[in-house]
Amino acid sequence: MGHQAQHGTDDTEELLAAHRQLWCHALGYVKSMALKCALDLRIPDTIDRCGGSATLGELLAASEISASNHDYLRRVMRTLTAMRIFAASHDPAKADDAAAISYQLTPASRLLVSSSSSVDDAAGASKENTTTPSILPNIAHLVRPNTISLLFSMGEWMKDESAASVSLYETVHRQGMWACVEDDAANRASFYESMDADTRLVMQAVVRRCPHVFDGIKSLVDVGGGRGTAAAAIVAAFPHIQRCTVMDLPHVVAEAPAGTAGLSFHGGDMFEHIPSADALMLKWILHDWDEDKCIKIMERCKEAIGGKEAGGKVIIIDTVLGSRADDDDDKTCRETYVLDLHILSFVNGAEREEHEWRRIFLAAGFRDYKITHTRGIPSIIEVFP
């Protein structure tokens, strides 16, 4: 009898844990919307302007929220604090919540301050003089209504036999994502501001943590390099690179900022021809394409860098799905699977596991590769002919 009672208790606890797990996942969108609310109210900027710590009352005033609604903001901030987007402290000597509760930036919310600011020691930074790039445009782009709404149709889209050739984005919006970016000036501006913001952060990490990747390179082509943000970071960090070219479609390079020192721009189609160089770089490019198209891009890359004796390589900055070395890295690994569905919904692209990358490289005629993982989303893959 006692054994049966214990067994029943175990089953109940397991069911309750499963119930909690399902609720957390089903309500995951609430976390995204709480984050969007904070961005709409410019909470990170307000805390930054207040010297890194702001009371609830100061947030209310800056956000133009009525004092009678203070509890709504407090509850949003409580959720974001539990998510570790912000930190919170409470002064028990003050009875009024508006004065007693104060909020601080964390490493995550510091990335959401609209202008770059110095990283202080409290955020866990080293004492070197550094700045934190803002990825506010990138995160704001990810929580836009038209970014989220198309996911409601994912199940129906999968039933369509044409899904392999017509993306979910195109099914919902009646036009492919790239066409929408090209045709709509506001959408185009939002997209490139988002990409540039992400690029500044990723390239800061790459040039500081993996400078060896660029050793011995005298010429480089950034394939699909947009407005040249990544290439500019490379030129500034590695003056030994004598020639750096940004390649993208003609209409993209036509809008590139003029006078970027050390850069040249080349309009072309990476599926047809890529200019020759010691090294080629593809940042967040291959995950936009299916395997056959990735193989074709890599074949053009191999033509551009020559054979083994030429000593060239392709530098890919992209996601590698799969296990990592420790618990924190394993959490990063699990989160990247969500990115795979995100990219699938927009362009029928894919985030890939190592064996999938290997298959592409070998099919395109490459002989070897080396992966350097980071603690973030991207990994650096060096591919050798």
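Residues numbered from 1 in each chain as written. Predicted model: local features only at pLDDT ≥ 70, side-chain atom pairs only at ≥ 80, totals over all residues. Heavy atoms only, no water.

As recorded in an unreviewed UniProt entry, the chain goes by O-methyltransferase ZRP4 and comes from Zea mays.

Helix and strand counts for the chain stand at 18 helices and 14 strands. Based on the C-alpha atoms only, the size of the chain along its principal axes is roughly 70 × 60 × 40 Å. The buried share among the 385 residues of the chain stands at 42%. The long-range fraction of contacts in the chain, counting pairs at least 24 apart against all pairs at least 6 apart in sequence, stands at 62%. A total accessible area of about 20,200 Å² is found for the chain, and carbon and sulfur atoms account for 54% of it. Of the charged side chains in the chain, 38 are positive and 54 negative, and the gap between their average positions amounts to 3 Å. (Helix = DSSP H or I, 4+ residues; strand = E, 2+ residues; numbered from the N terminus. Buried < 20%, exposed > 50% of the residue type's maximum accessible area, 1.4 Å probe, protein only. Contact = heavy atoms within 4.5 Å. Areas by Shrake-Rupley, 256 points an atom, 1.4 Å probe, with all protein chains shown as cover. Lys, Arg positive; Asp, Glu negative; His and termini not counted. Charge placed at Lys NZ, Arg CZ, Asp CG, Glu CD.)

What follows deals with the pairing of strand 14 (residues 379-384). Within strand 14, five of the six residues are buried, which leaves the element mostly enclosed by the surrounding structure. Sheet topology note: the strand 10 (residues 313-318)/strand 14 ladder contains five bridges and is antiparallel. Bridge pairing in strand 14 links Ile-317 to Ile-380. Two elements, strand 13 (residues 368-373) and strand 14, share six bridges in a ladder whose sense is antiparallel. Bridged to Tyr-369 within strand 14 is Val-383. (Pairing = 2+ DSSP bridges.)

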